[in-house]
Amino acid sequence: MTSGESLVITSRVTRMLIASGVFFSIAFATVNTNAGVMADEKKEQEVQRADYIRKNYTKYEYRIPARDGTLLFTSVYVPADASASKRYPILLVRTPYSVAPYGTANYKRGLGPAAEFEKEGYIFAFQDVRGTHMSEGEFVNMRPHLANKSGKTQFDESSDTWDSIDWMVKNLPGNNGKVGQWGISYPGFYTSAGAIDSHPALKAISPQAPIADWFRGDDMHRNGAFNLQMAFGFFSGFGKPRLQPTDVTKEKPFEYGTPDAYQFFLDLGALSNANPTYFKNAIPYWNEIAQHPNYDSYWQSRNLLPHLKNIKAAVLTVGGWYDTEDLYGPLQTYQSIEKQNPGISNTLVIGPWVHGGWSRGDGDKVGDANFGYKTSLSYQPIEFAFFKHHLKGADKPNLPEAWMFETGANRWRNFDAWPPKETQQKSLYFKADGALSFVASTQAEDVFDEYISDPARPVPYTTEISNRWSNQYVAADQRFASRRPDVLTYQTGILDKDLTLAGPLTASLFVSTSGSDADFVVKLIDVNPANIDTPAGELNRGGQQTLVRGEPFRGRFRDGFDLPKAFTPDEPTKVQFSINDVFHTFQRGHRVMVQIQSSWFPYIDRNPQRFVANIFEAKDSDFIKANHRLFRSSAKASAIHVSVLPALDEK
């Protein structure tokens, strides 16, 4: 098929505080009115944006041939004044979630990361990846990268991107020969993959919340522990096979029959009940997950990080400290690109955002954390300047190596490396009576704290009553958990000066269990002073225990994610694992708290606590109560290893 034949169709186308009593109804009405005005303003802005796009862009639809002949459906929006004398760079998004709306008379309501991109002028290209929606071929989740491709029969996401870019710069009207690529979440993965062995025309990429490894840290698993609620909800729709190209974009959502996810999944019982009760073997990818409970070649081949090589484009990797789906991805993508592509422009931006919050929200608050201003507005000009410089030759944006938001202090900081070079390695040790200290224990005898973990009554990850995956739990008040007998709670004394942690954390736990398997969840928490001056009408947050970072670990993988191993009952064993980076200041007058527990439901599936070869095949009868111990002697000194950044006034 020739490039000309691949063209299918073308066409042109106050706030106010509420005191109390008599003023309540007036204030309530005013707040609602203001909210309504804001909603109306936002809607009007969206209408104006859509109208601008329709007036100033022409939409085309193409089927672009990949090297093996598979046709990849691509929607392209070209500025109406593009010509031989006025040319524009291409900004590409590759997605498994559909480039809808289909048809050249039907326009997207937004094309770029923000409306400024449309006014600046780019050629915007959106592609259904292989095997999705209107593109031909077979879809493969997290398609493995082939490092040594040969001939036209071997392909991956890198080659599909290369072929698409090559076709576009040769055939799209009015392009200037330069291409940028960006995307959030799964499209972020395709952005990373597309940069491997970069096409010469690819000048700038921005993988945002990119997936990197679905077993060790992103989306479907955390340190080998299965993300039950997300995976169940996602693949019950997204996992249904597509028989042929289709422009149908909406799947019927799964009917839970209740808003209470905790109760739904508790009633589900063992994971082995999912297929006979609900899926009926109609979700192939659920079956694939269940067949690969360990970090075998299936998952290892889907780890993109070792393949992020021969990248020539400038890179802007973006993530959110409060991203409940993909924080591991951006942190590790940045590090891998930095190590494997010396000398390229490579910047990391992490803000106080939920998944995609820099693009889809104001970024002023998450859960019980309030940052005081719209942090997303701080980032968006940087993204705009990044692409404008590399694709249009505008002035350099002078980006630092790492532009990071310091939660707790609520400010942006620049660094010439991440983690910062000047951090000091320290350890927070668990002590008697729930104390947490930088001073190691001197007790020689085997002292410990213990709790009974009951799979029939798992610790919830959120107090929200919803069947939707929560993105607010990550900064929620943890007092509900600290009051449970199956959660160990340790805290420092009141801090007499600010304490800033910057970089990765490592949990080093000496534990035992009366069972033969166990999960361990470590939560880092910022505790407010007991008494806080609070304006009338606002929630008093005195004593609030705000989650800063939490990470689960499936204990069977303590010797390696590919080496599951049972615990010997009641035998002290070391369990050590990495926790995603933090950049947080615990202010003077606050306390640092760490909680340890063995369930986090239904975020993480329940561990039977009796070792079985494959937890996806466990039966309800395999689930048992177990007594877990956390040791804290000098010889078995359980601790959290942290990176402490000196205060600005100490440098």
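Predicted, not measured: the structure shown is a model, and the values here were computed from it.

### Focus: the overall build of the chain
For the chain, the count of helices and strands is 13 helices and 26 strands. Taking 651 residues into account, the globule formula puts the C-alpha radius of gyration at 26 Å, and the chain, at 26 Å, falls close to it. When the backbone C-alpha atoms are referred to their principal axes, the chain occupies close to 80 × 60 × 50 Å. Within the chain, the proportion of its 651 residues that are buried is 56%. Here the chain displays about 26,800 Å² of accessible surface, and carbon together with sulfur accounts for 50% of that area. Across the chain, the 69 positively charged side chains and the 72 negatively charged ones have centroids separated by 3 Å.

### Focus on the packing of helix α3 (residues 157-171) against helix α4 (residues 186-195)
For the pair α3 and α4, the least separation of the axes is 7 Å and the interaxial angle reads 75 degrees. The pairing of α3 with α4 is recorded here as roughly perpendicular in orientation. Contacts between α3 and α4 involve Glu157, Ser158 and Thr161 from the former and Phe189, Tyr190, Ala193 and Gly194 from the latter.

### Side note on α3
For the α-helix, the turn length of 3.6 residues means that residues three or four positions removed from each other point alike. In this model, α3 (15 residues) spans 21 Å end to end at C-alpha, consistent with the 21 Å of a helix rising 1.5 Å per residue. Summarising burial for α3: 11 of the 15 residues are buried, a large majority. Of the residues making up α3, those classed as buried are Glu157, Ser158, Ser159, Asp160, Thr161, Asp163, Ser164, Ile165, Asp166, Trp167 and Met168. N-cap assignment for α3: the residue whose side-chain oxygen lies 3.1 Å from the backbone N of Ser158 is Asp156.

### Topic: the sheet that holds strand β22 (residues 545-554)
What the 4 strands build is an open sheet, ordered β19-β24-β21-β22; its pairing is antiparallel. Two strands bound the open sheet, and with one partner strand each, they are β19 (488-491) and β22. Across the sheet, the axes of successive neighbouring strands diverge by a mean angle of 15 degrees, strand direction being ignored. Looking at chain direction, strand β21 (residues 519-527) and β22 are connected through 9 bridges and run antiparallel. Within β22, the position partnered with Ile525 by the bridge is Leu547.

### A word on the side chain of Ser512
Positionally, Ser512 belongs in strand β20 (residues 499-513). Sequence-distant contacts of Ser512, defined by excluding residues within four places in its chain, comprise Asp570, Glu571, Pro572, Asn627, His628, Arg629 and Phe631.

### Points about the packing of aromatic side chains
Geometry of an aromatic ring pair is reported as the spacing of the ring centres plus the angle between the planes. Taken as a whole, this structure holds 76 aromatic pairs when the rule is applied. Judged by centre distance (5.5 Å) and plane angle (75 degrees), the rings of Phe254 and Tyr278 are edge-to-face. In this pair, Phe254 is assigned in the loop between α5 (228-238) and α6 (261-268) and Tyr278 in helix α7 (residues 274-279), connecting sequence segments 24 residues apart. With relative accessibility at 23%, the residue Phe254 sits in the partly exposed group. You can call Tyr278 partly exposed: its relative accessible area is 33%. The interplanar angle of 55 degrees and the centroid separation of 5.5 Å between the aromatic rings of Tyr473 and Tyr603 together place this pair among those described as tilted. Pair noted here: Tyr473 is in the loop between β18 (448-453) and α13 (479-482) and Tyr603 is in the loop between β24 (591-597) and β25 (626-631), with a separation of 130 residues, a long-range link. Of the two residues examined, Tyr473 and Tyr603, each falls in the buried class. Above the plane of the ring of Phe567 lies Arg558, whose end atom (NZ or CZ) is 3.9 Å from the centre.

### Observations concerning the nonpolar core
Grouped together as the largest cluster of nonpolar side chains are 169 residues, with contacts concentrated most on Phe232, Trp321, Trp418, Leu509 and Ile596. Top element by residues in this core is β20. It accounts for 7 residues. Once residues within four sequence positions are removed from consideration, Phe232 is found in contact with Phe254, Tyr256, Phe264, Phe265, Leu268, Ala274, Tyr278, Phe279 and Trp286.

### Details of the packing of α5 against helix α8 (residues 284-291)
One can describe the packing of α5 onto α8 by two numbers: an axis separation of 9 Å at closest approach and a directional angle of 150 degrees. Crossing angle aside, the handedness with which α5 passes α8 is right-handed. Across from Leu228, Ala231, Phe232 and Phe235 in α5, the residues of α8 making contact are Tyr285, Trp286 and Ile289. Here the contact of α5 with α8 is composed, by residue class, of 7 nonpolar, no polar and no charged.

### Digging into the environment of Gly493
Mapped onto the secondary structure, Gly493 falls in the loop between β19 and β20. Gly493 gets classed as partly exposed once you look at its relative accessible area, which sits at 41%. Measuring from C-alpha to C-alpha, the distance between Gly493 and Arg591 comes to 6.1 Å, with 98 residues separating the pair along the chain. For Gly493, the residues in contact, after removing those within four places along its chain, are His590 and Arg591.

### A closer look at the pairing of strand β11 (residues 346-351)
In terms of burial, β11 is largely enclosed, as 6 of its 6 residues are buried. Along β11, one buried face is formed by Asn346, Leu348 and Ile350 and the opposite face, lined by Thr347, Val349 and Gly351, is buried too. Note that strand β10 (residues 314-320) and β11 share 6 bridges and pair parallel. Among the inter-strand pairings, Gly319 is bridged to a residue of β11, identified as Ile350. You can see the chain leave β10, run along helix α10 (residues 328-340) and come back into β11, and the turn it takes is right-handed. Sheet analysis places β11 next to strand β14 (residues 402-406), joined by 3 bridges and oriented parallel. Residue pairing in the sheet places Leu348 in a bridge with Ala402 of β14.

### Things to note about the pairing of β19
Burial along β19 is one-sided: Leu488 and Tyr490 are buried, and none of Thr489 and Gln491, which face the opposite way, are. Of the pairings in the sheet, the one linking β19 to β24 comprises 4 bridges and is antiparallel in character. Note that in β24 the partner of Gln491 across the bridge is Met593.

### Here we look at the confidence of the model for the chain
On average, residues of the chain score 92 in pLDDT, and 94% of them reach the 70 mark or higher. Confidence drops under a pLDDT of 50 for residues 1-31, and excluding neighbours within four residues, the segment shows 46 contacts in the predicted structure.

### Regarding the pattern of salt bridges
Oppositely charged side chains can form a pair if their charged atoms are brought close together. With the rule as written, the count across this model stands at 26 salt bridges. Note that Glu450 and Arg629 form a salt bridge whose closest N and O atoms lie 3.0 Å from each other. One end of the pair, Glu450, is in strand β18; the other, Arg629, is in strand β25, and 179 residues separate them in sequence. The closest approach of N and O atoms between Asp517 and Arg556, which form a salt bridge, is 2.8 Å. Taken together, the residues span a long stretch of sequence, with Asp517 in the loop between β20 and β21 and Arg556 in the loop between β22 and β23 (573-586) at a distance of 39 residues. If you follow the salt bridges from partner to partner, you end up with Asp68, Arg130 and Asp160 in one network.

Cut-offs used in this document
Residues numbered from 1 in each chain as written. Predicted model: local features only at pLDDT ≥ 70, side-chain atom pairs only at ≥ 80, totals over all residues. Heavy atoms only, no water. Helix = DSSP H or I, 4+ residues; strand = E, 2+ residues; numbered from the N terminus. Rg over C-alpha atoms; globule rule 2.2 N^0.38 Å. Buried < 20%, exposed > 50% of the residue type's maximum accessible area, 1.4 Å probe, protein only. Areas by Shrake-Rupley, 256 points an atom, 1.4 Å probe, with all protein chains shown as cover. Lys, Arg positive; Asp, Glu negative; His and termini not counted. Charge placed at Lys NZ, Arg CZ, Asp CG, Glu CD. Axes fitted to C-alpha atoms, helices over the stretch in contact; angles between N-to-C directions. Parallel < 35°, antiparallel > 145°, perpendicular 65-115°, else oblique. Contact = heavy atoms within 4.5 Å. Expected span 1.5 Å × (residues − 1). Polar contact = N/O pair within 3.5 Å; in protein donor to acceptor, adjacent residues only side chain to side chain. Pairing = 2+ DSSP bridges. Phe/Tyr/Trp six-rings, centres within 6.5 Å; stacked < 30°, edge-to-face > 60°. Lys NZ or Arg CZ within 6 Å of the ring centre and 35° of its normal. Core = buried A, V, L, I, M, F, W, Y, C linked by side-chain atoms within 4.5 Å. Left-handed = near helix turned anticlockwise from the far one by under 90°. Nonpolar A, V, L, I, M, F, W, Y, C, P; charged D, E, K, R; others polar. Right-handed = clockwise from strand over helix to strand, strands pointing away. pLDDT = per-residue confidence, 0-100. Salt bridge = Lys/Arg side-chain N within 4 Å of Asp/Glu carboxyl O.

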